[in-house]
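Chain residues, written in single-letter form:
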Amino acid sequence: MTIVSPSVLSCDFANIQRDIEMLNLSSAEWIHIDVMDGVFVPNISFGFPVLAAIRRHTQKVLDVHLMIANPDAYLSDFASAGANVLTVHVESCTHLHRTISEIKRLGMKAGVALNPHTPVSVLEEIIVDLDLVLIMSVNPGFGGQKFIPSAVEKVAKLTALIEEKKSKALIEVDGGVNLENGKPLVEAGANVLVAGSFVFGSSSPTDTIASLVNL
Ligand code: DX5
Ligand code: ZN
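These remarks concern the structure in this document. (Residues numbered from 1 in each chain as written. Chains lettered and ligands numbered in written order. Predicted model: local features only at pLDDT ≥ 70, side-chain atom pairs only at ≥ 80, totals over all residues. Heavy atoms only, no water.)

### What to know about the coordination of the zinc ion (ligand 2)
By definition of the ideal shapes, four donors in a tetrahedron about a metal sit 109.5 degrees apart, and six donors in an octahedron sit 90 or 180 degrees apart. His 32 (NE2), Asp 34 (OD), His 65 (ND1) and Asp 174 (OD) make up the full set of protein donors to the zinc ion (ligand 2), lying at 2.0 to 2.3 Å. One can describe the site at the zinc ion (ligand 2) as octahedral: its 6 donor atoms subtend angles covering 70 to 171° at the metal. Along the chain, the residues that donate to the zinc ion (ligand 2) are spaced as H-x1-D-x30-H-x108-D. On the criterion of sequence distance, the pair formed by His 65 in strand β3 (residues 61-67) and Asp 174 in strand β7 (residues 170-174) is long-range, its members being 109 residues apart. Of the residues examined, His 65 reaches a relative accessible area of 1% and is grouped as buried. On the basis of relative accessible area, Asp 174 is assigned to the buried category, the value being 8%. (Donors = N, O, S within 2.8 Å, 3.2 Å for Na, K, Ca; no water. Tetrahedral: all angles 85-135°; square planar, octahedral: opposite > 155°, others 65-115°. Helix = DSSP H or I, 4+ residues; strand = E, 2+ residues; numbered from the N terminus. Buried < 20%, exposed > 50% of the residue type's maximum accessible area, 1.4 Å probe, protein only.)

### Things to note about helix α1 (residues 16-24)
Those residues of α1 that fall on the buried side of the exposure criterion are Asp 19, Ile 20, Met 22 and Leu 23. All buried residues of α1 lie within an arc of 155° about the axis, which places them on one face of the element. On its buried face, α1 is in contact with β1 (3-6), β2 (30-36), α2 (48-55), α7 (197-200) and α8 (205-213). (Arc of directions from axis to C-beta. Contact = heavy atoms within 4.5 Å.)

### Quick notes on the environment of Asp 131
Inspection of the secondary structure assignment puts Asp 131 in the loop between β5 (109-114) and β6 (132-136). You can call Asp 131 partly exposed: its relative accessible area is 24%. Residues Asp 131 and Lys 104 lie 27 residues apart in sequence; the distance between their C-alpha atoms is 9.4 Å. Apart from residues no more than four positions distant in its own chain, Asp 131 is found in contact with Lys 104, Lys 109, Ala 110, Lys 168, Ala 169 and Leu 170. A polar atom in the side chain of Asp 131 sits 2.8 Å from the backbone nitrogen of Ala 110. (Polar contact = N/O pair within 3.5 Å; in protein donor to acceptor, adjacent residues only side chain to side chain.)

### Thoughts on the site of ligand 1
As a structural note, the neighbourhood of ligand 1 is formed by 20 residues, with Asp 34, Gly 141, Asp 174, Gly 176 and Ser 197 the closest of them. Backbone polar atom of Gly 176 to an oxygen atom of ligand 1: 2.8 Å apart, as the coordinates give it. One of the side-chain nitrogen or oxygen atoms of Ser 197 is found 2.5 Å away from an oxygen atom of ligand 1. Within the complex, 100% of the 380 Å² of free accessible area of ligand 1 lies under protein. When residues of the shell around ligand 1 are traced back to their parent elements, those giving at least two are β2, β3 and β8 (192-195). At 3 residues, the largest contribution of residues to the shell around ligand 1 is made by β2. Class assignment for the residues of the shell around ligand 1 results in 8 nonpolar, 10 polar and 2 charged. (Near = heavy atom within 4 Å. Areas by Shrake-Rupley, 256 points an atom, 1.4 Å probe, with all protein chains shown as cover. Nonpolar A, V, L, I, M, F, W, Y, C, P; charged D, E, K, R; others polar.)

### A look at the packing of aromatic side chains
Under the definition given, this model contains 3 aromatic pairs. Here Phe 13 and Phe 46 contribute two aromatic rings whose centre-to-centre distance is 5.9 Å and whose plane-to-plane angle is 70°, an arrangement assigned as edge-to-face. Placement of the pair is Phe 13 in the loop between β1 and α1 and Phe 46 in the loop between β2 and α2, with a sequence separation of 33 residues. When its relative accessible area of 45% is taken as the criterion, Phe 13 is described as partly exposed. Overall, the relative accessible area of 13% leaves Phe 46 in the buried class. Centre to centre, the rings of Phe 48 and Tyr 74 are 6.3 Å apart; their planes meet at 40°, and the pair counts as tilted. (Phe/Tyr/Trp six-rings, centres within 6.5 Å; stacked < 30°, edge-to-face > 60°.)

Right, here's the structure in full:
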């Protein structure tokens with residue numbers, strides 16, 4: 001069974017409570033929250049008030065993906081707003097080990113995201129400390145982009161690294177995920193699939209989520 005983490009970036013923001021209630025009744029175990037600051041990525045999404053509002057309407061794991069510069073300045077604010085898993089980009093952290101330690105000290109699971117150009121090998125020395133690695137299969141910033149196929153091989157490399165180092169990190173894939181590329185991703189070792197437009201753009205998001213869970 002695959003953990004599915006639907007991305008609320010693709011939900012109807014005028015009906016966010018309705019969409020969260022739909023997710024509550026679905027087989028998605030996690031809910032993916034994309035935070036963008038217009039600096040690290042060329043787009044702005046939403047911040048703490050929206051995260052806190054979602055927290056009030058769900059018991060699901062809130063899987064928060066920070067696409068922001070200087071994430072260290074906001075870690076405790078994300079803990080207070082209700083994040084369960086907090087993922088930072090390796091490309092925005094100068095002192096990644098310190099950042100990861102602080103995320104855990106605040107009581108959250110710690111994830112690290114890699115942009116498409118960043119090799120898995122950058123995690124060799126820190127993989128044992130991580131709860132999650134997020135492989136970006138699009139360039140971060142927007143929903144609805146085309147899946148970059150080399151992400152499958154990257155997941156396989158990460159699976160090998162996790163085994164070699166005896167890490168317990170989960171592998172999450174984010175960007176352009178659908179039923180077609182989801183299968184090879186799961187076969188390569190992906191544990192968590194993020195899906196935004198594929199879920200919310202389908203005629204039955206609940207059925208689409210179930211199909212991804214059962215890949
Ligand atoms: C992209 C975000 C993704 C996005 C995925 O920067 O990190 O989480 O919402 O959306 P889809 O599934 O539409 O590519
Ligand atoms: Zn994301």
